[in-house]
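Breakdown of the fold
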Amino acid sequence: MRKLAMVPPALMLMLPGALGGTPVMPGGLTAPPLLARQEAAGAITGRVIDQAGQPCAAVQVFITGSQLGTLSRPDGSYLLPNVPAGTHTLTASRIGYRSETREVTVTQGTTVAMSFQLREEAIALDELVVTGTPGGTQRRALGNELAMIQNLDAAKPPANIEEVLVGRVSGVNMIQGTGQVGAGNRVRIRGISSITLNNQPLIYVDGIRVDNSSGGSTVATRGPAPASRMNDFDPGEIDRIEIVKGAAAATLYGTEASAGVIQIFTKRGSTGAPTFDAAITNGVYYFRDPAGRINWNYQVDPKTRELTKWHVYTTALERDGYTAFQTGPKQGYSLSVRGGEPNLRYYVSGNWAYQEGYVDWNTDQRNHLRGNLDALVNEKLDFSLSLGIMQSNTRFDAAPNPYTFYGSWYVGNARRTATKGYYTITPELLREVENRSRVNRSTWSLTTNYRPFTWLHSRLIVGRDQASEVADLLWHPLAVGASNPVIGIKGLGEKTRENTRSQYTSLDYSATATVNVTPGVNTKTSFGLQYYKNEREGDKLYGQNFALPGLSALDAASVTTAAGSFLENASIGVYAQEEVGLNNRVFLTAAVRGDDNSAFGSSFNAAIYPKFAATWVLSEETFWNVAAVNTFRLRAAWGMAGRQPDVFAATTLYAPQPGPLDKPMVRPGAMGNPDLGPEVSKELEIGFDAGLFDDRVGVTFTHYRQKTKDALLQVPVSMAGGFTSSRWENIGEIQNRGFEVTLDAHVLSTSVAQWDLNVVVAGNRNKVTDLGGVPPSTGNSRLAEGYSVGAWFWSEPVSGEWTGPADPLYGKPVNIMCKLADGSIKDCTKWSRAEFDIYQGDREPHYQGSVTNSLILWDNLTLSVQANYKLGFFVSSCEFSCTMGLHQVAYAVTGDPGKGIAPDPIARWASNIRGGAEGFLGGFDASSVRLQLVSLNYTLPSALAAKVGASRASIRLDGTNLGFIWRATEVHYTRKVIDPDVTQLNAGDYGNSGFMGLPPGTSLQATVNVTF
Amino acid sequence: MSTFLDWTRDRRRYIRVVVGVVAMATLVGCDKLLEVDLPGQIESTKLEDPQNAELVARSVQGLFECFYTSHTGGSSSFVDEGWLASQRARGDWGVRSIGAGGGAACPQETWNPIPSAYQSYGFGARAIRQFGQWTDAQVPNRKLLLSYIRSYTAYTLMLMAETICRGVVLEEYGPLVNNPGVLKKAEELFTAALDGADAQARNLALVGRARTRLDLGDLTGAAADAGQVTAGFSYNATYGSVPERYNRVYTEYWRDLAFTVAPARRNLKVNGVLDPRTLTVEQKKFGQDGKNLIWSVAKYNSLSSPIRLASWREAQLIIAEARLGQEAVARINALRATYNLPLYSPADVNDKSEILAAVLIERGREFFFEGGNRMNDLLRYFDADDWQHGLDSQGAPIYDMYCWPIPDREIDANPKNLNLDMNIERLPSQMNHPTRGVVPKKGWAAN
C-alpha cells in the first residue's frame, strides 16, 4: 500500500459495510479519540477541496509520525485540536486522490489555518468497489473494468439518473426516444446481447434489486415514451453509481445479469453536527427554433395544380396568433441533512420537482423522501438502513395513434380543414385527452455486517422494492350523446385504467474470509447466497360512453370491461469465489455461481456460471522503470452470466376465458419447453489502466469479446396439437466485440486556471452468428446470420427519370436504377425486393462517447462543455416514409408544378409503387455529434456565503441538448432531419422504425446550492 | 487482516457458519423458494383431472364456435357473398384472398380461420384422448360429452377439408393428410359420436356424417344418414356479448362496418317473392372505406346471434343432392313451403344437370352466410366462371386463389413433411373432389 501505511492506526478502521457511505475507507464514520493530552498545544484548522473547488469530505488529515489526526466534514472543513507546539508535517489523504503534505508550525494557544486542494489520482487503485464482488474489494484486485460515477451534483445538473449516464460511461448507450418530460430512455450496455429478451441492465439500489423495466404501463399507447423505473430515483440523493458491463464482470449476479449491472448507492450520514444542503432550481424546457427546424408540408391542388403548404408552428402562429408550443417551466427544491455520532449516523433528504414539456399538456411532478441510518453496535456488528419513498404524477403527450401531436408535424396539411390542418386532432382536443401515470414507490434495504473474527466478514442484505402505478387514458366526454366530428365516438368519453403493482424482494448473504497465508500472499475466500423474487400484478379496466361532460369515473360509463394479469418469478443462486493476492500487486480470482429459476424448464438443471480473472499492478514492481507512466495495471477477466427466459415460458399453459352458456372454458395458450434454460453469455475482457505524466493523464482501455449462446428464439410449433403460437428454444447465437477507452487529462494547471479534458470512446460490433435453423426475417429490419440484430436492408436507388403520359405534367417515374450488393446497377422498377434490398447499416452505433472540456478559473468558476457523439448507425422513421408515402406531403413527392419543378422521380416512384413503405424513404445515416451540455458553476467566496449563515454557496447555469455540431444526414429527400435519435422504444428492441415521438427539447436552468 | 494462525484457530467455527447457512437453505428447500403462482393461467396437467371433464368439453365447444364464426365470415367473403368495405381486411377475409402467415388463433385472431381450425382440432383431439382415459365412474355423462366432443372435432376436420387446398396435418409434426383422408377421419369421428349420443347429439352427428359423405362422393351413405335426422332438428353454434364470444359476422358486417353483403346476394327473390333466407338490412351508412354502403346479414343482428351448424333442412337438401330427380324437387318444395315461397317446378325433372343446379341454388339461399357451404359448393362443382375476377370493391385486383393455404407456420415447424413450395398453387384440383358424372347447369351460382 502507498500512503495508507502512514495513517494513524486509529483511522485505519475500515468502514463497516461496504455499501454504506462513500467508497473511500473511513467514510466519516468515526473520529476516535485522537489526543494524547499535551501541556503546550495549539490547533490546526482548514478546508479540503478538490481540483474543481468542491469540498472533499472524509479526508484523513493527520500529523505524520504521530497519533494525531481527524477526518474532514462534508463541507470539507477540519479541525485538529491539541496539537503540540512546534513544526509538524501535516498530510491530507483520501483514497482516489493524491496525498498532499504541508509543513506547519503551531504555537501554544493559537489556531493555524492550513487548507488543501487534492487532485484526483489518474487511476484510483485503492478505491473500494462493491459491484460484481462478494462484498467489496479494492479496485486493484478487480480483473474487469468497473465504471464509477461520483459527485453527481458537481459533474452536471441531472434531471434524472439516465441523464447522468448519457455519454459519460464508455459502452453505455442511452437510446433517447422522446422529448416528453417524465418519459424515459432505453439503456444498453455493450450492444445487443439478446435477440428476444430485454437488454436492459439489472439495477440495484443499496444492495437490493429493483424494478428495471423500461415500459411502464401498457394502458396507453405513449408512442416512444416509456416510463423508466430507474428514473424514479432522485439523482440528488445518490452518492455514486457503479456499473459493470458484461458477463465477465457480472458473473456473481448470475441469471439475468448478462446485460450488465448498474448499482446505485445513496448518500449516507457523517459524524458531526448536522449539515444542511439546500438547492433551488429554476429553468425552462423548450423546442429550439420550431419555425426553422420543423418541415413544411406541401400539397398540390388536384384541380389548379397550385402548391399549398402548411406548418405546425408557423401556420398556427400566423392564423391563430398562438401555437401549441410553449416554453415549459421547470422548478425543483431539495433539502437534505446529514450528521450523527460515531456510532449512529443519519442522512435525510427530500425534494419536490415540477416541469412542463414544450406542449403544455405534458407535465411531470415528483417528490422524493429518503432516510438512511447507519448504526455501529460494536466492532463486530453494524447495520445500515436505507429507505426511499417516491411519488410522481406524469401526464404524457401521447394519445394513441393516430391522435398524436407529433403526427401533425409531418403529416398535417391544409386540406385537413376539420382539424385546422393538424393530423386527426387539434391541440385543443388533445388537451382533453389525459394520458396520466401516477406512481407510488418505496424501496428499503437493511444491510447487516457481522465480523465474528478478524478474518471473517459476513454481510446480509434484505430489502424490498414496491411500486404501484395507476395509469389512465381518459378521453373526456365532450358532448351529450353525440360523437365528435373529429374524434368520433371517443367524444362520448372513454377511459382505460391500468393499476399495476410490482414487488421485488431480495435477500443477499455473503461471507468472506481474509487470510494472510504468508507475508506476501493473502487469500479471500467468499461464499454467497442470493434469493430474489418479483411479482407483478395488473388490473385493466375500461369504460366508454359517459352520460354527460364532466363524468370520468368508470362507474359512470355505460359500457365497462375488466381484465387482469399476474406474473411471478423467483431465483436462487449460490456462489463461491477465491481471490489470491500476491504482494498486493498480483491478484488471481476464480468464482463459480449456480442458479435455479422458476422460469427454467423442469428438465433443465441449475445454470452454472464460472469466472476467472487476473490483474497485475506492474508499476509497483521493482523492475518498472517507465518514468512517464507512474501507474500501470493489466487486467483480464473471463466469465459467464445469463438471462432468464420469459416467466412461465417453460410451462405449457391454457388460458381461461368466457365460454358457452356464460361458463368458463380454456383455450391453448403457450406451448412450453421443459428443456428451457437461460441465455448464457460468455465474455472475455482484457485491458489496462494507466496513470501518465505524474497522474496528469489517466487512461483506461478495455477490449471485450462476448458471445451469447443458447439465445432464445421463438420456434414455430406444429399446429396439429392445437397450439398456434411459437415455442421458446435455446438455439441462437450472437456476438459482440468492442473496445472502450476513457481518457482524463489535466491539460493545464496553473494557480489561476485548470483545463481538464475527458474523452470517452466506445466501439461495438454486433453480429448474429447462428439462428438455429429459424428462417431469417425479411423486411427492412432483419434478423439474419452474419448481420447485426435488426440490421437495415433496403434498396438503394441512384438515379431516376420522368417520362410517359401517366402524369399530366411530368409523365411517370421510370428508369429507377438501383445499386445491387455486388455494385452493379439495375432497373429496380422490374424488381423483387429480395433482389434489390441490400445491407445498409446497423441499428446500434459503431462508435459512441463524449468529449468534455472543463475550465476552472480561480478555483471557484468552472465552465464545462460536453459533446456527445454516436457514429455509424442508421434509423428508419415514419417522419420520412409517411410524408413521402401514404400522405405525400414532402416536397420531394409534390414538386412545384406552378414553377415547373418536378418531384423527385425516385421518391415519387417508391411512394406510388410501395405506398412509401420502402425503407430508403424512411431510413438514413443517423450519425451525429450533439452539444449535450454547457455548464457554468460559480462558488461564492466563503465570506459572502457566511453572510447568509452558509458555509458554502454556489450558483450554476446549465444548458442541455443545445444543438448539433455535426450530422451525417441533415436533409433526407427534401425533409430536414429534426433529431436523428428519435426512435421507437416501446415495442421491442429491434424491428421497428421511429414513429410519432416528440423529439428531445432543450433545457436551460439555474441552480443555487447552499450548505449550512 | 488476520494471520494464517488466526485462520487455523477459527476455521472450525467458520466451517460451522457456512455449513449452517447451507443447511438452512437446504431445509427451506430450493423448490419451495422457487414456487410461484400463476392465477391467470392453467397448467396442462390440470386438464387431466376428471373433475375438469366438463370444462374440457365446454372448451371444445367454445373453441369450435369461435372457429366456426371466423370460418363462416371468411368463407363468405372469400366467395361472392361478402364485399370488403375497408382496406385492412383484404389479406385475410378478402375476395379470393386469405393469409397463410397468421399464427394467432381464437380469440386474438378474429379474421383468419385457419389457425383457429387447427386450434379447435388439436384441442378436440386431445380431449378425445383424455376422455378415453377416464371412466364413466369418474365423469358423469362421459359418453354423451364425448359424443359432442367427437362431433365438434369432426366438424372442424370436415370444414378444413372443404376449404384447405392440399390437406391437413393431423398429428404434430406428422405428414400432410389429403382432403379425402381428412374427410375419412371426420367420418370416423362422426360414427364414433353416435355411441352414447342422445337424440340431439345423434342428429348432430348424422347431419355431419351426411355432409362428410356427400363431400366424399358417398351419395348413398349421405342420403341414408340424412334420412335418419329427426324432422325439425336444428343445432346452432352459440355466441355471447363478451369479445371472446362475439359473432364475428355481426361485428364485421354490422357493428364495425368493415364488410357489406355483396350486391348480387342481397335480398334475393324467388319468382319475385322476397326470399326470407337471404334477408339483408340496409344500414344507410358508408363502410370504413368511405365508399361502399353497408348491407348487413339480417339474421346476425347482435353480438350473440347464433349461427346454424346442422339441421333437418340441411339433411333434406343433402338427400335432394344425392338422389336428384323428383325426390329432389319434393324436398326443395317441402322447404320452400315452410317459407311461403313459390314452389319449384322443373322443366324436366329427369334433367339431372338442371335439378342439381336447382339444389345448389337452394343451398345458396338456405345456407346464406352459414358454415362455408357456399364455398364448398363452388369448389365441389368448380367452374372458374362462377368465381369473381377483375377488381374487388376497393378497386384492387382480385387474387388468383380458389382454396385456402396450409399455414406458413406449419410449414416452418414441420419442414420434414412439408415442402416449402406447398402453397404456390391454390387450385381446386388439389382438393381431390370426387366426380359424380353430373355437372350442374351453368350459371347456377348467379342465382
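As shown above, the structure is provided for reference.
Along every chain, residues carry numbers that run from 1 in the direction the sequence is written. In the order they appear in the text, chains get letters beginning with A and ligands get numbers beginning with 1. Per-residue local features are limited, in this predicted model, to residues with pLDDT of at least 70; the limit for side-chain atom pairs, both in listing and counting, is 80 or more; totals at the level of whole chains, interfaces and linings are taken over all residues. Calculated side-chain values reflect all of the structure's heavy atoms, with hydrogen atoms and water omitted.

1. So, the pattern of salt bridges
To keep it simple, the criterion reads: Throughout this description, the term salt bridge denotes a Lys or Arg side-chain nitrogen within 4 Å of a carboxyl oxygen of Asp or Glu. For helices the rule is a DSSP run of H or I covering at least 4 residues; for strands it is a run of E covering at least 2, with both sets numbered from the N terminus onward. Each residue's exposure class comes from its accessible area (1.4 Å probe, protein chains only) as a fraction of the maximum for that residue type: buried when under 20%, exposed when over 50%, partly exposed otherwise.
Scanning all chains against the criterion turns up 79 salt bridges over all chains. As a salt-bridge pair, A:Glu685 and A:Arg190 come within 3.1 Å of each other at their nearest N and O atoms. A residue pair is termed long-range when its members are at least 10 positions apart, and A:Glu685 in strand β35 (residues 679–692) and A:Arg190 in the loop between β13 (186–189) and β14 (202–205) qualify at 495 residues. Measuring nitrogen to oxygen at the nearest pair gives 2.8 Å for the salt bridge that ties B:Arg255 to B:Asp256. The class for B:Arg255 is partly exposed, based on a relative accessible area of 39%.

2. Here we look at the packing of helix α11 (residues 312–323) of chain B against helix α13 (residues 352–366) of chain B
Residue and element names in this part refer to chain B. Rule in force here: Only the contacting stretch of a helix is used when fitting its axis, a line to C-alpha atoms as for every element, and angles between N-to-C directions run 0 to 180 degrees. Each angle gets one of four labels, with under 35 degrees taken as roughly parallel, over 145 as roughly antiparallel, 65 to 115 as roughly perpendicular, and the rest as oblique. When the near helix sits turned anticlockwise from the far one by under a right angle, the crossing is termed left-handed; a clockwise turn instead gives a right-handed crossing. Between two residues, a contact is recorded if the distance between any of their heavy atoms is within 4.5 Å. Note on residue classes: Ala, Val, Leu, Ile, Met, Phe, Trp, Tyr, Cys and Pro are nonpolar, Asp, Glu, Lys and Arg are charged, and everything else, Gly too, is polar.
As a packed pair, α11 and α13 sit with axes 9 Å apart at the nearest point and diverge in direction by 165 degrees. In terms of orientation, α11 and α13 fall into the roughly antiparallel class. The way α11 lies across α13 gives a crossing that is left-handed. Taking contact as the criterion, the partners of Arg313, Leu317, Ile318, Ala320 and Glu321 in α11 are, on α13, Leu356, Val359, Glu362, Arg363 and Glu366. Grouping the constituent residues of the contact of α11 with α13 by class yields five nonpolar, no polar and five charged.

3. Some points on the nonpolar core
Side chains of a nonpolar character, in soluble globular proteins, are inclined to be buried together. In plain terms, the rule: As used here, the term nonpolar core means buried Ala, Val, Leu, Ile, Met, Phe, Trp, Tyr and Cys residues forming a set that is joined through side-chain atoms within 4.5 Å.
Within the largest apolar cluster, 123 residues are counted, with the highest numbers of intra-cluster contacts made by B:Phe131 and B:Tyr155. Per-element accounting of this core gives the leading share, 11 residues, to helix α6 (residues 142–163) of chain B. Beyond its immediate stretch of four places on either side in the chain, B:Tyr155 contacts B:Phe64, B:Phe190, B:Leu204, B:Val207, B:Gly208, B:Leu309 and B:Ala310. Membership of the second largest hydrophobic core comes to 32 residues, among which are A:Trp409, A:Tyr410, A:Tyr422 and A:Ile425.

4. Overview of the sheet that holds β14(A)
Hydrogen bonding along the main chain pairs the strands of a sheet, whether they run parallel or antiparallel. Residues and elements named next belong to chain A. Our working rule: Each pair of strands is called paired provided DSSP finds at least two bridges between the two strands.
Read from one edge to the other, the open sheet built from five strands follows the order β11-β16-β17-β14-β15, with strand pairing classed as mixed. Unpaired on one side and paired on the other, β11 (147–150) and β15 (208–210) mark the two borders of the sheet. Here the strands of the sheet are splayed against their neighbours by 25 degrees on average, with no regard to which way each runs. For β11 and strand β16 (residues 238–244), the ladder comprises four bridges, and the chain directions are antiparallel. Bridge pairing in β16 places Gln150 opposite Arg240.

5. Points about the sheet that holds strand β33 (residues 653–658) of chain A
Read from one edge to the other, the open sheet built from three strands follows the order β34(A)-β33(A)-β2(B), with strand pairing classed as antiparallel. Pairing within the sheet leaves two strands with one partner each, and these edge strands are β34 (664–670) of chain A together with β2 (42–43) of chain B. Pairing analysis gives two bridges linking β33(A) to β2(B), with the strands arranged antiparallel. What sits directly across from A:Tyr654, in β2(B), is B:Ile42. Contacts between helix α5 (residues 113–133) of chain B and the sheet are confined to β33 and β34 of chain A, with β34(A) contributing the most and set at about 110 degrees to the helix.

6. Thoughts on the packing of aromatic side chains
Put simply, the rule reads: Here is the rule: rings of Phe, Tyr and Trp (six-membered ring for Trp) pair when centre to centre is within 6.5 Å. Planes less than 30 degrees apart are stacked, more than 60 are edge-to-face, and the remainder are tilted. For a ring to carry a charge above it, either NZ of a lysine or CZ of an arginine must fall within 6 Å of the ring centroid while also lying within 35 degrees of the normal to the ring plane.
Under the definition given, this model contains 52 aromatic pairs over all chains. Considering the side-chain rings of A:Phe287 and A:Phe325, the 6.2 Å spacing of their centres and the 45 degrees angle between planes classify their relative orientation as tilted. Of this pair, A:Phe287 sits in the loop between β18 (272–286) and α4 (290–293) while A:Phe325 is found in the loop between α5 (314–320) and β21 (328–341), placing the two residues 38 residues apart along the sequence. A relative accessible area of 5% means that A:Phe287 is categorised as buried. An aromatic cluster of three or more residues is present, and its members are A:Tyr285, A:Phe287, A:Tyr313, A:Phe325, A:Tyr358, A:Trp361, A:Phe405, A:Tyr406, A:Trp409 and A:Tyr410. Note that A:Arg240 overlies the ring of A:Phe265, its terminal NZ or CZ placed 3.7 Å from the centroid. Sitting over the face of the ring of B:Tyr402, B:Arg96 holds its NZ or CZ atom 3.9 Å from the ring centroid.

7. Overview of helix α12 (residues 325–338) of chain B
Residues and elements named next belong to chain B. The following threshold applies: By this rule the span expected of a helix is its residue count minus one, scaled by 1.5 Å. Relevant arc is that of directions from the helix axis to the C-beta atoms, nothing else.
Spanning 14 residues, α12 covers 21 Å between terminal C-alpha atoms, matching the ideal 20 Å at 1.5 Å per step. All of the buried residues in α12 are Gly325, Ala328, Val329, Ile332, Asn333, Leu335 and Arg336. All buried residues of α12 project into a common sector of 160 degrees when viewed along the axis, lining one side. Structurally, α12 contributes buried residues whose contacts are with β8 (269–270), α11 and α13. Just downstream of α12, Asn340 is the residue with a positive phi angle, here 55 degrees.

8. Regarding the state of the cysteines
Spelled out, the test is: Two cysteine sulfurs form what is called a disulfide whenever their separation falls within 2.5 Å.
Considering all chains together, one arrives at four disulfides over all chains under this definition. Bridging A:Cys878 to A:Cys882, the disulfide has an S-S length of 1.8 Å. Between A:Cys878 and A:Cys882 the sulfur-sulfur dihedral comes to about -90 degrees; the bridge is accordingly left-handed. Of this pair, A:Cys878 and A:Cys882 both sit in helix α9 (residues 878–884), separated by four residues, roughly a single helical turn. The buried category is assigned to A:Cys878, whose relative accessible area is 5%. Disulfide pairing places B:Cys66 opposite B:Cys106 at an S-S distance of 2.0 Å. Taking the sign of the S-S torsion, about -95 degrees here, the bridge from B:Cys66 to B:Cys106 comes out left-handed. Taken together, the residues span a long stretch of sequence, with B:Cys66 in helix α3 (residues 53–78) and B:Cys106 in the loop between α4 (90–93) and α5 at a distance of 40 residues. For chain B, the bonded cysteines pair up as 1-2, 3-4 when numbered in the order they occur along the sequence.

9. Section: the pairing of strand β49 (residues 928–939) of chain A
All names here are of chain A. Sheet analysis places strand β46 (residues 861–871) next to β49, joined by 10 bridges and oriented antiparallel. The residue of β49 that forms the bridge with Lys870 is Ser928. Of the strand pairs in this sheet, β49 and strand β50 (residues 952–967) are connected by 11 bridges, and their pairing is antiparallel. Paired with Ser928 across the two strands is Arg967, which belongs to β50.

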